[in-house]
Amino acid sequence: MTTPEQHLRRTPLRSALTKAGAKWTATPAGDAAISDGLGSINAARHLAITDLSTMPRIGFKGRQTIPAMQKRGIVLEGTANRAFRQPDGGLCLVLAASEVILLSPLSGDDGKLQKLHDDWRLDDAERTYPMLRRDSQAWFVVTGAKAPEMFAKICGIDFRLNKFPDLSIAQTSVAKISAIVTRADIGSTPAFHILADSASALYFFDCLIDAAQEFGNALACRSILRDLESG
Amino acid sequence: MKILNCPLNGPRNISEFVWGGEMKPMPDPATATDAQWTDFLFLEDNTAGEITEWWLHAPTNYWFIARRNTLTDEIIETMTYDAYLARQKANASGEAEPAAKPTTGGTETGATSA
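Residues numbered from 1 in each chain as written. Chains lettered and ligands numbered in written order. Predicted model: local features only at pLDDT ≥ 70, side-chain atom pairs only at ≥ 80, totals over all residues. Heavy atoms only, no water.

Student: Requested: an account of the overall build of chain B, with residues and values cited.
Tutor: What chain B contains, in helices and strands, is two helices and seven strands. In chain B, the succession of α and β elements from N to C terminus is β-β-β-α-β-β-β-α-β. Per-residue burial over chain B gives 32% buried out of 114 residues. Put simply, of all contacts in chain B between residues at least 6 apart along the chain, 48% involve residues at least 24 apart. For chain B, the exposed surface amounts to about 6,700 Å²; the carbon and sulfur share of it is 54%. (Helix = DSSP H or I, 4+ residues; strand = E, 2+ residues; numbered from the N terminus. Buried < 20%, exposed > 50% of the residue type's maximum accessible area, 1.4 Å probe, protein only. Contact = heavy atoms within 4.5 Å. Areas by Shrake-Rupley, 256 points an atom, 1.4 Å probe, with all protein chains shown as cover.)

As structure tokens, this is what we get:
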């Protein structure tokens, strides 16, 4: 049994999720706690919100970012607002010709991302530099067939599944704050990853909960998403 | 809600954008007088008609160029800064407009605010 307070890295939603009945387990890297014991696979297929804020991720920015990432074996192309699945199950989000964000797989294995961070040297003069997105942005996942209807209440973008295909990215305003929304289905379940300012995470979480209320208002957790992943 | 077409992100609600002021050449900082520098930084021409402006898509922090009619508030077109420079260069040399295509912007829709 672990608690968020045992670690220096904590999700900004720890109090809200504990009140909602979350149990806590250590992340695979052991550097934070992540919520567990929330939701069901059926709820996740209908509509559920999951907090992955303590999961590993990193960004890179700079004019030579795309070739620098390709050199490191990351699967990506220089197409802005497209996501690319990685062989380990992670995601590479190409935000612009000069910026990417890498999300860890649901297993939470941070070996590859940690190595990217550790191996970067200013002296290499590659014209790409790391951005510590794990600190600046909270990470939510909204899963389920009702997700596009829920988003229609808080965002001007058309997220209907036939209009916003798998691996599309929208950098936009959701509930009046800037957010990066990426559709990356988990198994056969529609899934929208949201990265938004961590300082506004509680406000944003409240907005998601409010918008989700009419659809059942369910929370889920990483273990449920992994169940979706395995079918 | 007015829709503005971002060259990077496509059509978005106008509430996602920030006006960045008129596009104007920067005086040489080494030789400009205080009056010239003040004029560049703070004073707008307030032209009635078609003007070229900077706009920012705030969620991506992406700056681009728009041509807008200040009498009708119609956004005539938007383009990347590179496309704008290419057009300026072509105009200066008297050539036809370059292939870099601006995007059309400024339609009115009934979309709700985000």
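Structure's up, so let's keep going.
Student: Explain the domain arrangement of chain A to me, using residue names and the numbers behind them.
Tutor: Where interface size is given, it is often the accessible area lost as the parts come together that is meant. All names here are of chain A. For chain A, the domain assignment lists domain 1 (4-55 + 136-229) and domain 2 (57-134). The C-alpha centroid of domain 2 is placed 22 Å from the C-alpha centroid of domain 1. Taken residue by residue, the interface counts 28 residues in domain 1 and 20 residues in domain 2. When the two sides are added together, the surface that domain 1 and domain 2 hide from each other amounts to roughly 2,200 Å², 51% of it contributed by carbon and sulfur. (Domains from an automatic or database assignment. Buried area = accessible area lost by both parts, 1.4 Å probe.)

Student: Could you give me a rundown of unusual backbone geometry, with the residues and numbers involved?
Tutor: At Ala175 of chain A, a residue that is not glycine, the phi angle is positive and equals roughly 50°. Take Ala175 of chain A: it is sitting in the loop between β10 (169-174) and β11 (177-183). In this structure, Asn61 of chain B takes a positive phi of about 55° despite not being glycine. Within the secondary structure layout, Asn61 of chain B lies in the loop between β4 (50-57) and β5 (62-69). Residue Asn61 of chain B is classed as exposed on the basis of its relative accessible area of 54%.

Student: Outline the interface of chain B and chain A, supporting the account with residue identities and numerical values.
Tutor: Contacts between chain B and chain A engage 11 residues on the former and 13 residues on the latter. A buried area of about 880 Å², summed over both sides, lies between chain B and chain A, and 50% of it is on carbon and sulfur atoms. Applying the counting criterion to the chain B and chain A interface returns zero salt bridges. Remark: the boundary between chain B and chain A carries five residue pairs in polar contact (both at pLDDT 80 or more). Its residues placed into classes, the side of chain B that touches chain A shows four nonpolar, five polar and two charged. (Salt bridge = Lys/Arg side-chain N within 4 Å of Asp/Glu carboxyl O. Polar contact = N/O pair within 3.5 Å; in protein donor to acceptor, adjacent residues only side chain to side chain. Nonpolar A, V, L, I, M, F, W, Y, C, P; charged D, E, K, R; others polar.)

Student: Please provide a residue-by-residue account of the sheet that holds strand β13 (residues 218-220) of chain A, values included.
Tutor: All names here are of chain A. Strand order in the open sheet formed by six strands is β10-β11-β12-β9-β3-β13, with mixed pairing between adjacent strands. Edge strands, defined here as strands with exactly one partner in the open sheet, are β10 and β13. The sheet shows a mean angle of 30° between the axes of neighbouring strands, direction not considered. Relative to β13, strand β3 (residues 48-51) runs parallel, the two being bridged by three bridges. Residue pairing in the sheet places Thr50 in a bridge with Ala220 of β13. This element, helix α7 (residues 201-212), spans β3, β9 (137-143), β10, β11, β12 (191-197) and β13 of the sheet and lies at about 10° to β9. In the packing of helix α8 (residues 222-229) onto the sheet, contacts are made with β3, β9 and β13, and the angle to β9 comes to roughly 50°. (Pairing = 2+ DSSP bridges. Axes fitted to C-alpha atoms, helices over the stretch in contact; angles between N-to-C directions.)

Student: Talk me through the sheet that holds strand β6 (residues 74-79) of chain B; I want residue IDs and the actual numbers.
Tutor: Residues and elements named next belong to chain B. Spatially, four strands are ordered β3-β4-β5-β6 in an open sheet, and the strand pairing comes out antiparallel. On the outer flanks of this sheet lie β3 (17-22) and β6, each paired with one strand and no other. The sheet shows a mean angle of 35° between the axes of neighbouring strands, taken without regard to direction. Examined bridge by bridge, β4 and β5 share eight bridges and lie antiparallel to one another. Across the sheet, His57 pairs through a bridge with Tyr62, a residue of β5.

Student: Can you lay out the nonpolar core for me, pointing to particular residues and giving the numbers?
Tutor: A general feature of soluble globular proteins is that nonpolar side chains tend to end up buried together. Residue and element names in this part refer to chain A. In this structure, Ile49, Leu93, Phe140, Met150, Phe151 and Phe159 are the most contacted members of the largest nonpolar core, which totals 66 residues. Among the elements that make up this core, the one with the highest residue count is α7 (eight residues). Counting the residues that make up this core, at least three belong to each of domain 1 (4-55 + 136-229) and domain 2 (57-134). Those residues in contact with Leu93 that sit more than four places away from it in its chain are Arg82, Ala83, Glu99, Val100, Ile101, Leu103, Ile169, Ile180, Thr182 and Leu195. (Core = buried A, V, L, I, M, F, W, Y, C linked by side-chain atoms within 4.5 Å.)

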